[in-house]
Amino acid sequence: IGFGVGVFLALLIEFFDNTLKTIDDIEKYKLGILGIIPSIGKPVKKRRHWIIGKNRSNSNSSTRGLKRRLITKEDPKSPVSEAYRSLRTSMLYSTSKKDLKSILVSSAGPGEGKTTTVANLAITYANLGRRTLLVDTDLRRPVVHKVFDLDRDPGVTTYLSSATDDYTSLVQISEIDNLSIITAGIIPPNPSELLGSKRMT
């Protein structure tokens, strides 16, 4: 009886589990895969990969300790850099709208590679000769300013809190050609309200 109950519970949990763990899980919902980015961390025996927006590994510890690197700048000929360029190409040709100018990179939780992805993706767009603006709207744990070695303040919250009306004054020039950055600014007590405000629009 115990064995039967255990098998039944295992099948029941598997049946109601709607989380995305593999590429097949995503394709099951008739959604396309734009790209797969290999892990940039230290070499390990078993290779782990990121599916954009979701880590294939069930453990979050492997990504939380991951060092954020500008791999597309440091080693542009590496397989990881090529994966980012492939993702950029897929994004360029996956939409029929020619006037698409904004791309949002988000995830369900911390440590899943948002900053690493958005930073390297911005570099690949800038390398095409396109004027690129990277805006850090992670108002809880902003790190884009650390990755690019810039001042965090003034930033997005400076404009959202009405401290200035000229958002162009917040733009900082990076070391990479065609890439400008607006950092997060001072961490506010109410990030959700600021991001949902009319000034953010």
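Right, let's walk through the structure included here. (Residues numbered from 1 in each chain as written. Predicted model: local features only at pLDDT ≥ 70, side-chain atom pairs only at ≥ 80, totals over all residues. Heavy atoms only, no water.)

Considerations on unusual backbone geometry
Consideration 1: With an omega dihedral of 5 degrees, the bond running from Asp153 to Pro154 counts as a cis peptide bond.
Consideration 2: Looking at the element boundaries, Pro154 is found in the loop between α7 (144–147) and α8 (156–160).
Consideration 3: In this structure, Asp149 takes a positive phi of about 55 degrees despite not being glycine.
Consideration 4: Inspection of the secondary structure puts Asp149 in the loop between α7 and α8.
Consideration 5: A positive phi angle, close to 65 degrees, is found at Ser162, a residue other than glycine.
Consideration 6: Within the secondary structure layout, Ser162 lies in the loop between α8 and β5 (172–173). (Helix = DSSP H or I, 4+ residues; strand = E, 2+ residues; numbered from the N terminus.)

Considerations on the pattern of salt bridges
Oppositely charged side chains are able to pair whenever their charged atoms sit close together.
Consideration 1: Using the criterion set out here, one finds three salt bridges in the structure.
Consideration 2: With a shortest N-O distance of 3.0 Å, Glu82 and Arg85 are connected by a salt bridge. Within this pair, Glu82 and its partner Arg85 are both found in helix α5 (residues 79–93), separated by three residues, close to a single helical turn.
Consideration 3: With relative accessibility at 23%, the residue Arg85 sits in the partly exposed group.
Consideration 4: A salt bridge links Asp165 to Arg199, with the shortest nitrogen-to-oxygen separation between them at 3.1 Å. One end of the pair, Asp165, is in the loop between α8 and β5; the other, Arg199, is in the segment after α9 (191–195), with 34 residues separating them in the sequence.
Consideration 5: Classification of Asp165 by relative accessible area gives exposed; the value is 60%. (Salt bridge = Lys/Arg side-chain N within 4 Å of Asp/Glu carboxyl O. Buried < 20%, exposed > 50% of the residue type's maximum accessible area, 1.4 Å probe, protein only.)

Points about the side chain of Ser180
Consideration 1: Mapped onto the elements of the fold, Ser180 is located in strand β6 (residues 179–182).
Consideration 2: In contact with Ser180, not counting residues within four places along its chain, are Thr132, Leu133, Leu134, Val171, Gln172 and Ile173. (Contact = heavy atoms within 4.5 Å.)

Thoughts on helix α1 (residues 2–16)
Consideration 1: Counted at 1.5 Å a residue, the expected span for α1 with its 15 residues is 21 Å, and the 21 Å between its end C-alpha atoms agrees.
Consideration 2: The buried count for α1 comes to zero of 15 residues, which makes it a mostly uncovered element. (Expected span 1.5 Å × (residues − 1).)

Describing the nonpolar core
Consideration 1: Leu70, Ala119, Ala122, Ile123, Ala126, Leu134, Val144, Phe148, Leu150, Ile176, Leu179 and Ile181 together form the largest nonpolar core, which totals 12 residues.
Consideration 2: Among the secondary structure elements, those contributing two or more residues to this core are α6 (114–127) and β6.
Consideration 3: The element contributing the most residues to this core is α6, with four residues.
Consideration 4: Those residues in contact with Leu179, other than ones at most four positions away along the chain, are Ala122, Ile123, Ala126, Thr132, Leu134, Phe148, Ile173 and Ser174.
Consideration 5: Ranked by size, the runner-up nonpolar core spans nine residues in total, among them Ile37, Val80, Tyr84 and Tyr125. (Core = buried A, V, L, I, M, F, W, Y, C linked by side-chain atoms within 4.5 Å.)

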